[in-house]
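Chains, contacts and geometry: an overview
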Amino acid sequence: ATKIVESSYSNSKPTVLWLDGWDPVSPFVGSCCGAVQAIIDYAGAINIYDQLGIEEKSSWDDGDWGEIVEKDPDVIVMIDASWDLAGKE
């Protein structure tokens, strides 16, 4: 992932949405703290929700579709789980 980031975005860091759970109103997203943030940081990118959940030091939180559209992430990471298949999203 690091090489892709370096070669594709030489002038700025790409922004990332980590979409963990689909919901038509408030999607479940990777927030400020924990493994998701560490992975995004290691890849040299910026989590669009890096300030979400900072008070509680949350790894996950509810996002907002309008805000996601506004932030217009360069990359969307969709997580596939047995209870929430990415193919349905």
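Scroll up a little and you will see the structure.
Residues numbered from 1 in each chain as written. Predicted model: local features only at pLDDT ≥ 70, side-chain atom pairs only at ≥ 80, totals over all residues. Heavy atoms only, no water.

A closer look at the overall build of the protein
Inclusion rule: Helix numbers and strand numbers start at the N terminus; a helix is a DSSP run of H or I with at least 4 residues, a strand a run of E with at least 2. Contact definition: two residues touch when any of their heavy atoms are within 4.5 Å. In these tables, accessible area is a Shrake-Rupley quantity obtained with a 1.4 Å probe, and a residue counts as shielded only by the protein chains included in the view.
Across its full length, the protein carries three helices and five strands. For the protein, the N- to C-terminal ordering of α and β elements is α-β-β-α-β-β-α-β. Taking all contacts inside the protein whose residues are at least 6 apart in sequence as the whole, residues at least 24 apart take part in 65%. Carbon together with sulfur atoms contributes 55% to the accessible area of the protein, which is approximately 5,600 Å² in total.

Quick word on the packing of aromatic side chains
What counts is decided by this rule: Whether two aromatic rings pair depends on their centres lying within 6.5 Å, for rings of Phe, Tyr and Trp, where Trp uses its six-membered ring; planes under 30 degrees apart make the pair stacked, over 60 edge-to-face, and the rest tilted. Partly exposed describes any residue whose relative accessible area lies between the buried limit of under 20% and the exposed limit of over 50%, with all areas from a 1.4 Å probe on protein chains only and scaled to the type maximum. Two conditions define a charge sitting above a ring: the NZ of Lys or the CZ of Arg must be within 6 Å of the ring centre, and it must be within 35 degrees of the ring normal.
Applying the stated rule across the entire model yields two aromatic pairs. Taken together, a centroid distance of 4.9 Å and an interplanar angle of 50 degrees make the contact between Trp22 and Trp65 tilted. With a gap of 43 residues between them, Trp22 in the loop between β1 (15-21) and β2 (28-30) and Trp65 in helix α3 (residues 65-71) connect regions that are remote in the sequence. A relative accessible area of 23% places Trp65 in the partly exposed class. Aromatic side chains Phe28 and Trp60 sit 6.1 Å apart centroid to centroid with 25 degrees between the ring planes, which places their arrangement in the stacked category. Remark: Trp60 occurs in strand β4 (residues 60-62) and Phe28 occurs in strand β2; sequence separation between them is 32 residues. Since its relative accessible area comes to 36%, Trp60 is described here as partly exposed. Lying over the aromatic face of Tyr49, Lys71 brings its terminal NZ or CZ to 5.5 Å of the ring centre.

Regarding the state of the cysteines
Keep this limit in mind: Whenever a pair of cysteine sulfur atoms sits within 2.5 Å, that pair is classed as a disulfide.
For the structure shown, the criterion picks out one disulfide. Each sulfur of the disulfide joining Cys32 and Cys33 lies 2.3 Å from the other. Residues Cys32 and Cys33 are joined through a disulfide that is left-handed, its torsion about the S-S bond being -85 degrees. For the pair Cys32 and Cys33, a shared accessibility class is recorded, and that class is buried.

By themselves, these are just geometric observations and shouldn't be taken as functional.
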